[in-house]
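# An overview of the molecular structure
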Protein chains: 2
Amino acid sequence: MTTLERQIGTRLSDHGVRFTRARRAVVTSLASVDGPQSAAELHKLLGGGVPLSSLYRTLAVLEEVGILAPHHGTRGLTRYELAEWLNGHHHHLVCVDCGAVDDVHLSPGMEDTLEAVVRSVTSDASFEAAGHSLEIEGRCGRCS
Amino acid sequence: MTTLERQIGTRLSDHGVRFTRARRAVVTSLASVDGPQSAAELHKLLGGGVPLSSLYRTLAVLEEVGILAPHHGTRGLTRYELAEWLNGHHHHLVCVDCGAVDDVHLSPGMEDTLEAVVRSVTSDASFEAAGHSLEIEGRCGRCS
DNA sequence: TTCCTTGCAAACGATTTGCATTGGA
DNA sequence: TCCAATGCAAATCGTTTGCAAGGAA
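Rules used throughout
- Residues numbered from 1 in each chain as written.
- Chains lettered and ligands numbered in written order.
- Predicted model: local features only at pLDDT ≥ 70, side-chain atom pairs only at ≥ 80, totals over all residues.
- Heavy atoms only, no water.
- Domains from an automatic or database assignment.
- Contact = heavy atoms within 4.5 Å.
- Buried area = accessible area lost by both parts, 1.4 Å probe.
- Salt bridge = Lys/Arg side-chain N within 4 Å of Asp/Glu carboxyl O.
- Helix = DSSP H or I, 4+ residues; strand = E, 2+ residues; numbered from the N terminus.
- Near = heavy atom within 4 Å.
- Polar contact = N/O pair within 3.5 Å; in protein donor to acceptor, adjacent residues only side chain to side chain.
- Axes fitted to C-alpha atoms, helices over the stretch in contact; angles between N-to-C directions.
- Parallel < 35°, antiparallel > 145°, perpendicular 65-115°, else oblique.
- Nonpolar A, V, L, I, M, F, W, Y, C, P; charged D, E, K, R; others polar.
- Least-squares fit on C-alpha atoms with pLDDT ≥ 70 in both.
- Core = buried A, V, L, I, M, F, W, Y, C linked by side-chain atoms within 4.5 Å.
- Buried < 20%, exposed > 50% of the residue type's maximum accessible area, 1.4 Å probe, protein only.
- Pairing = 2+ DSSP bridges.

Right, let's talk about the domain arrangement of chain A for a bit. A common way to state how big an interface is: give the accessible area lost once the parts meet. Residues and elements named next belong to chain A. Structurally, chain A comprises domain 1 (1-88) and domain 2 (89-144). Between the C-alpha centres of domain 1 and domain 2 the distance comes to 22 Å. Residue-level contacts link ten residues of domain 1 with nine residues of domain 2. Counting the surface lost from both domain 1 and domain 2, the interface buries some 860 Å², and carbon and sulfur atoms represent 40% of this.

Right, dumping it as structure tokens:
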């Protein structure tokens, strides 16, 4: 039982939701790879052990209780990753060729700078900012 | 014939693509609203005058020739907006309640700062950055 | 006139849901 | 035990495509 599993188990029981085999498999799998994964990608990662329909339900529940965060990418695919309180605040490198998404963590100084930009945008707008994400599009190492 | 229509007409004929009624309606409609629009939203904006299947084909063609840019948002919806050479470089305010997306243009100073952050991230990575987009999530004026 | 474009309907792929069965606390 | 969670299959939803008819250059 890792620290991550303990954190997640607590969060689940706080919401009256069980920590089942499928849910454990999904979070473990997501913790072991870099970048968000789609239902189909997880299905493959898990060796087909969890049917797609169950996988979708698992992802929906884990998102509802705040364990997973969705990322909407090219071709209408939704990918999920561990929420920021588990994975840390980060941003994304999106490959315009293959569609892969990698995480990138900013240095504290750069993150502060970015937050200042966000504040400057929303200070005078009738928009209450709750979070932000910098998406950097380009060509990844494998595609260039 | 507006300046926008002239720019678009030129780009289309450069690609051997005709400037038809449906294509004119789509770009005119997108130019008159704030933020990217989905096929369904455009279908409604155009009063149903253009069938959905034609709308999808129109959007695909306009994206191919670089007149429209796609934006992938909540619920696996793809929304389109005028490309940056027509609309200017900008970022997005995404409402987590209603899903609406509004454009925000950064001041030159803030944009420079943001670009410095992007460079700092990709300078040591095997990733060739081509563009960036700052997504600010929160609650829009209508929902708060 | 000549292709490009459109409209309709059927096809598709990702995701959701009804229902009977299984399993975790 | 007892209700939540699962698995299967069928349904849905956004989007794409084949084909015959219409329209811009």
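Further notes follow.
Now for the interface of chain A and chain B. The interface is formed by 35 residues belonging to chain A together with 35 residues belonging to chain B. In total, chain A and chain B occlude about 2800 Å² of area from one another, counting both sides; carbon and sulfur atoms represent 71% of this. A per-residue breakdown of the area chain A buries against chain B is headed by A:His72, A:Phe127 and A:Ile136, which together make up 20% of the total. Our enumeration of links across chain A and chain B arrives at zero salt bridges. Of all the secondary-structure elements, those providing two or more residues to the side of chain A that touches chain B are strand S4 (91-95), helix H6 (108-122) and strand S6 (127-139) of chain A. Counting residues per element, the side of chain A that touches chain B draws most heavily on S6(A), which supplies 13 residues.

Around DNA strand D lies a shell of 17 residues, among which A:Arg23, A:Ser54, A:Arg57, B:Arg18 and B:Tyr56 are the nearest. Sugar and phosphate atoms form 57% of the subset of DNA strand D atoms that lie within 4 Å of the protein. In this structure, A:Arg23 approaches DNA strand D through a side-chain N or O atom, which is 2.6 Å from a phosphate oxygen. Contact distances for DNA strand D include 3.5 Å between a base nitrogen and a side-chain N or O atom of A:Ser53. When residues of the surface near DNA strand D are traced back to their parent elements, those giving at least two are helix H2 (21-32) and helix H4 (52-64) of chain A together with helix H4 (52-64) of chain B.

What follows concerns the packing of H2(A) against H4(A). All names here are of chain A. In contact at an axis separation of 10 Å, H2 and H4 are set at 75° when each is read in the N-to-C sense. Comparing the axis directions of H2 and H4 gives the class roughly perpendicular. Together, Ala-22, Arg-23, Val-26 and Val-27 of H2 and Leu-55, Thr-58, Leu-59, Val-61 and Leu-62 of H4 make up the contact between the two elements. Its residues assigned to classes, the contact of H2 with H4 comprises seven nonpolar, one polar and one charged.

In this section: the relation of the copies chain A and chain B. Rotating chain A by 179° and moving it 0.0 Å along the rotation axis overlays it on chain B with an RMSD of 0.2 Å. Between the two chains, the operation in question is that of a two-fold axis. Comparing contact sets, 100% of the residues at the interface of chain A also lie at the interface in chain B, consistent with an isologous, same-surface contact.

With that out of the way, let us pick up the nonpolar core. Counting 24 residues, the largest nonpolar core has A:Leu134, A:Ile136, B:Leu134 and B:Ile136 as the members making the most contacts within it. Only S4, H6 and S6 of chain A together with strand S4 (91-95), helix H6 (108-122) and strand S6 (128-140) of chain B provide two or more residues apiece to this core. The residues touching A:Ile136, leaving out its near neighbours within four places in the chain, are A:His92, A:Leu93, A:Val94, B:Val118, B:Val121, B:Thr122, B:Phe127, B:Ala129, B:Gly131 and B:His132. By size, the runner-up hydrophobic cluster in this structure holds 21 residues, among which are A:Leu4, A:Ala22, A:Val26 and A:Val65.

Turning our attention to the sheet that holds S6(B). Reading across the sheet, the six strands line up as S5(A)-S4(A)-S6(A)-S6(B)-S4(B)-S5(B) and stay open at both edges, with mixed pairing between neighbours. Of all strands in the sheet, those bounded by a partner on one side alone are strand S5 (101-104) of chain A together with strand S5 (101-104) of chain B. Taking the axes of each pair of neighbouring strands and ignoring which way they run, one obtains an average angle of 30° across the sheet. Summarising the sheet, S4(A) and S6(A) pair through four bridges and their orientation is parallel. Of the residues in S6(A), the one forming a bridge with A:Cys95 is A:Gly138. Across the sheet, H6(A) is in contact with S4 and S6 of chain A together with S4, S5 and S6 of chain B; its angle to S6(A) comes to roughly 125°. Taken strand by strand, H6(B) contacts S4, S5 and S6 of chain A together with S4 and S6 of chain B, and its axis lies near 120° from that of S6(B).

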